[in-house]
Amino acid sequence: MIDTPVFHTIDIARFRRAFASADSIGIGNDFCIVDMKYDKCLEVLTHPCRLNAYLAFFCISGRLRLNVNMTEFEVRENTLFINIPGDIMHVAHIEESQKGRLRFVVVAASKAYLSGVHVDIDRLFSEGMRLIDNPCSELMPQEKETAASYLELAHRLLTSAMPYKRECIGQLLSSVFYFAAGIYSRNRGSAHHCPAADTTARCRTAFDSFLKLVARHHTVHRDISFYAGEMCMSTKYLSKLVKKATGRTAADWIDSYVITEAKNMLRYSDMSIKDIIEALHFSDQSSFTKFFRKRTGQTPRQYRIGPRSGTSA
């Protein structure tokens, strides 16, 4: 049986290789800072992918649109965007007029590296502000200056010959993420994609756990009862919490992940439809086609032979 999704996963080493022409410094596959302008290499991110690292993306000038877990967000000048491991993302659109202006700094850190310096990112960004609601936040002038100071200090450390460089960067990163969490907390009320106003901490915590399980198991399990069982609660109660937290049903979230996975397999892989059906654990071609057509208006075959590029990046 095929049970591995085909979204290409990009680790830090591959990310740096893809943008070899950019100014990049880092520590192996643990951490890097990349100063980037528009480049044809950006096309590696026009296909849906998972970045196997925490990514902070600060737009210095220009703008573009990023799709994260099937929702588009605009990243514009002075905007900080954060992507967490497991999220499915791609560059959705860059206007031709913006390509010459686009410049951004990317800071990426692996999960293992951050856990080693005891930064609990999931808890940090789950307490009252879920990144899936609003991964973008605009910096105030003073915050921008502070962010620049962090980057300058990190650059000095990485280019120095001092011992304990890895440990120094780790502690700096801890401070950086608390700084970023403060920015997101301040901007919570101006989210581009806002949750329901009456969302409770309990709902958000449950939704965080639910979404992590969906990201891990959606290619095998599409029934909400599985996720409710994993979370030791009733299906009805989980459905209520997810609906209250996001305004969308639990089934909708599960289907969104499955459809995104299916679209990526159809459009960006050479897998046969039979293999895709097997990978996504559908019982037969008829049930897969019915599922896909209901949510896209097309059959899997029609979608596969459609245009191969939906972006102008």
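Residues numbered from 1 in each chain as written. Predicted model: local features only at pLDDT ≥ 70, side-chain atom pairs only at ≥ 80, totals over all residues. Heavy atoms only, no water.

Some details on the sheet that holds strand β5 (residues 54-61)
Then, in step 1: Strand order across the open sheet formed by six strands is β2-β3-β10-β5-β8-β11, with antiparallel pairing between neighbours. Looking at strand neighbours, the two that pair on one side only are β2 (23-27) and β11 (136-138), the edges of this open sheet. Neighbour-to-neighbour, the strand axes of this sheet turn through a mean angle of 15°, independent of strand direction.
Then, in step 2: For β5 and strand β10 (residues 103-109), the ladder comprises seven bridges, and the chain directions are antiparallel. Each bridged residue has a counterpart across the sheet, and for leucine 55 the counterpart in β10 is alanine 108. (Pairing = 2+ DSSP bridges. Helix = DSSP H or I, 4+ residues; strand = E, 2+ residues; numbered from the N terminus. Axes fitted to C-alpha atoms, helices over the stretch in contact; angles between N-to-C directions.)

Thoughts on the pattern of salt bridges
Then, in step 1: Enumeration over the complete set of coordinates arrives at 12 salt bridges.
Then, in step 2: In this structure, glutamate 74 and arginine 63 form a salt bridge, with 3.9 Å as the shortest nitrogen-oxygen distance. One end of the pair, glutamate 74, is in strand β7 (residues 71-76); the other, arginine 63, is in strand β6 (residues 63-68), and 11 residues separate them in sequence.
Then, in step 3: The class for arginine 63 is partly exposed, based on a relative accessible area of 31%.
Then, in step 4: The partner of glutamate 74 in a salt bridge is arginine 76, and the shortest N-O contact between them spans 3.5 Å.
Then, in step 5: The partly exposed category is assigned to glutamate 74, whose relative accessible area is 23%.
Then, in step 6: Connected via shared salt-bridge partners are Arg63, Glu74, Arg76, Glu95 and Glu138. (Salt bridge = Lys/Arg side-chain N within 4 Å of Asp/Glu carboxyl O. Buried < 20%, exposed > 50% of the residue type's maximum accessible area, 1.4 Å probe, protein only.)

Brief notes about unusual backbone geometry
Then, in step 1: A positive phi is found at asparagine 78, a non-glycine position, where the angle reads about 70°.
Then, in step 2: Residue classification places asparagine 78 among the buried positions, given a relative accessible area of 18%.
Then, in step 3: Residue histidine 281 is not a glycine yet carries a positive backbone phi of 60°.

Quick word on the environment of arginine 267
Then, in step 1: By the secondary structure assignment, arginine 267 is in helix α9 (residues 250-268).
Then, in step 2: For the pair arginine 267 and arginine 304, spaced 37 residues apart in sequence, the C-alpha separation works out to 5.4 Å.

Section: the packing of aromatic side chains
Centre distance and the angle of the planes are the two values used to describe a pair of aromatic rings.
Then, in step 1: All chains considered together, the criterion is met by 11 aromatic pairs.
Then, in step 2: Considering the side-chain rings of tyrosine 150 and phenylalanine 179, the 5.5 Å spacing of their centres and the 50° angle between planes classify their relative orientation as tilted. Of this pair, tyrosine 150 sits in helix α4 (residues 141-158) while phenylalanine 179 sits in helix α5 (residues 165-186), placing them 29 residues apart in sequence.
Then, in step 3: Judged by centre distance (5.1 Å) and plane angle (55°), the rings of phenylalanine 207 and tryptophan 253 are tilted. Here phenylalanine 207 is found in helix α6 (residues 201-217), whereas its partner tryptophan 253 is found in helix α9, with 46 residues between them in sequence.
Then, in step 4: For tryptophan 253, a relative accessible area of 5% translates into the label buried.
Then, in step 5: Through a chain of ring-to-ring contacts, three or more aromatic side chains come together here, namely Phe282, Phe288, Phe291, Phe292 and Tyr303.
Then, in step 6: Above the face of the phenylalanine 282 ring, arginine 222 is positioned so that its terminal group lies 3.6 Å from the ring centre.
Then, in step 7: Lying across the ring of tryptophan 253, arginine 248 places its NZ or CZ 4.0 Å from the centre. (Phe/Tyr/Trp six-rings, centres within 6.5 Å; stacked < 30°, edge-to-face > 60°. Lys NZ or Arg CZ within 6 Å of the ring centre and 35° of its normal.)

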